Amino acid sequence: MTAQGEHATSTTAADVARRNWAGNVRYAARAFHRPTSVDELRRLVAGSSRIRAVGSGHSFNRFGDTDGDLVTLAGLPPVVDLDRERGQVTVSGAMRYGDLARHLHTQGYALANLASLPHISLAGAVATATHGSGQTHGNLASAVAGLELVTADGDLLRVDRDADTFAGMVVGLGALGLVTRVTLDVVPTFELRQYVRLDLDREALDEALGSAYSVSVFTDFRSSRLREVWRKQVADQPPPQADWLGTTAADAPRHPVLGMPVENCTPQLGEPGPWHERLPHFKLGFTPSSGDELQSEYHVARTDAADALAALDDVADLIAPVLLVSELRTVAADELWLSPNHQRDSFVLHFTWVDDTAAVLPVVAQVEERLAPFAPRPHWGKVFVTDPAELAARYPRHADFAALLRHLDPTGTFRTELLDRYFPR
């Protein structure tokens, strides 16, 4: 057993990714590891001066990049422990949301919400406050009831909602420890229907976003009108009327990005199905795209939705040529310190860009300049160029997180260059 553990952590693991999913980040790690037990992981962390965990790689910046050791937790024994009495499930941090969702559904349970991709890992999604849509639903991190993580000295720490610093640890950017297990709230399973509506007038955006359990609106900034509305509604809710908000019904399945195969997308046209096969935009069994893209995303106050969107009209001619699609969503407020939705119901502007960093970054800067009056909070796992002082001012608990970071990782074991930029030592 000891020999196996030493071998697993001292050799380069062939199945640990050397780049992120999009390919715009090639990890600078000196070694790659795939431990097969929590004890082995603890020894690895305790013996490393710099270490980070990599999950499904769906991050578009270098918060997770390190010149030290990079580790995947996918080799740890899988855990799925359903507590029906508490209405919670404890699972491995490396598990994908789609895999957990399938299991929960067979047991009669569900998660309140899912992101557009079911392929992402729990620990990574939670650490960056990744989210789905729905103005009464919080981001995925808001469902977390407990965490187990390996801290910088190799100790195993368990925290739950009773801990004073819990709200600071959930959206932790991977900077407080390596998350081995996550406990999530669950709800009874349910069914949804998905309808796609076409050509929405901007004046109806607010009503559209609040019209169903989960709603996403897609646009390309080539027109003042909004191209598609994806309504994910409870199965027994009446379908939208034929002239709903002046739109027309899609007569065939759609993909958010024009020209991409619709077979990758979850069922539409009002066909009922379980929550986990409707809330994401993409099926677990399909790769949603080749990864040849970049992404940015900004959260502003829900009440600023119309004004924030209008503020981008002046740079629409810059956005459109480097944009594959933009998605507009809503997320409910929470109390998590680094959540972009901290104490603020949010309107979210998401941009899927072409895979051309040099062309995209100047446009990102222009987008941020136009949105600045609305104090936008960028998604931690996507491309942004926000000044560190400005970003810190948009998070009331930024200083508290920085203090927690210094307390739990005084020697900088989990530090990265980008983390140091936004949370200086």
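Residues numbered from 1 in each chain as written. Predicted model: local features only at pLDDT ≥ 70, side-chain atom pairs only at ≥ 80, totals over all residues. Heavy atoms only, no water.

A. Fine view of the sheet that holds strand 8 (residues 156-160). Pairing within the open sheet is antiparallel, and its 5 strands lie in the order 4-5-9-7-8. Each of the sheet's edge strands pairs with one partner strand only, and the pair in question is strand 4 (80-83) and strand 8. Strand-to-strand twist in this sheet, taken as the mean axis angle between neighbours without regard to direction, amounts to 15°. With 4 bridges connecting them, strand 4 and strand 5 (residues 88-92) associate as antiparallel partners. Bridge pairing in strand 5 places Asp81 opposite Thr90. (Pairing = 2+ DSSP bridges. Helix = DSSP H or I, 4+ residues; strand = E, 2+ residues; numbered from the N terminus. Axes fitted to C-alpha atoms, helices over the stretch in contact; angles between N-to-C directions.)

B. Spotlight on the confidence of the model for the protein. Of the residues in the protein, 95% reach a pLDDT of 70 or more, and the chain-wide mean stands at 93. Throughout residues 1-15 the model reports pLDDT below 50, and contacts reaching past four residues in sequence, or to other chains, amount to 18 contacts. (pLDDT = per-residue confidence, 0-100. Contact = heavy atoms within 4.5 Å.)

C. Region of interest: the pattern of salt bridges. All told, the structure shown has 22 salt bridges when counted by the stated rule. Across the salt bridge formed by Arg225 and Asp199, the nearest N and O atoms sit 2.7 Å from each other. Here Arg225 is found in the loop between strand 12 (214-219) and strand 13 (226-234), whereas its partner Asp199 is found in strand 11 (residues 191-200), with 26 residues between them in sequence. Using a relative accessible area of 29% as the deciding quantity, one classes Arg225 as partly exposed. Taking relative accessible area as the criterion, Asp199 reaches 37% and is therefore assigned partly exposed. Note that Glu228 and Arg227 form a salt bridge whose closest N and O atoms lie 3.7 Å from each other. A relative accessible area of 18% means that Arg227 is categorised as buried. (Salt bridge = Lys/Arg side-chain N within 4 Å of Asp/Glu carboxyl O. Buried < 20%, exposed > 50% of the residue type's maximum accessible area, 1.4 Å probe, protein only.)

D. How the structure looks around empty space enclosed by the protein. What the rule picks out here adds up to 1 cavity of 30 Å³ or more. Roughly 40 Å³ of volume is contained in the largest cavity. Where the lining of the largest cavity is concerned, the elements lending two or more residues are strand 12 and strand 17 (323-331). Residue composition of the lining of the largest cavity, by class: 3 nonpolar, 6 polar and 3 charged. (1 Å grid on protein atoms, 1.4 Å probe; cavity = no way out; pocket = protein on both sides within 12 Å on 5 of 7 lines; lining within 4 Å. Points joined across faces, edges and corners; volume = space filled by probe spheres on them. Nonpolar A, V, L, I, M, F, W, Y, C, P; charged D, E, K, R; others polar.)

E. View of the layout of surface pockets. Looking at the second largest pocket, its volume works out to about 460 Å³. Lining the second largest pocket are 22 residues, with Val25, Phe60, Asn61, Arg62 and Leu418 positioned closest to its centre. Across the lining of the second largest pocket, the residue classes break down as 10 nonpolar, 5 polar and 7 charged.

F. Spatial organisation of the pairing of strand 5. Summarising burial for strand 5: 4 of the 5 residues are buried, a large majority. Counted along the chain from strand 4 to the antiparallel partner strand 5, the turn is 4 residues long, and its residue Gly87 has a positive phi close to 70°. In the sheet, strand 5 pairs with strand 9 (residues 178-185) via 5 bridges, with the strands oriented antiparallel. In the sheet register, Thr90 faces strand 9, and the bridge partner there is Thr183.

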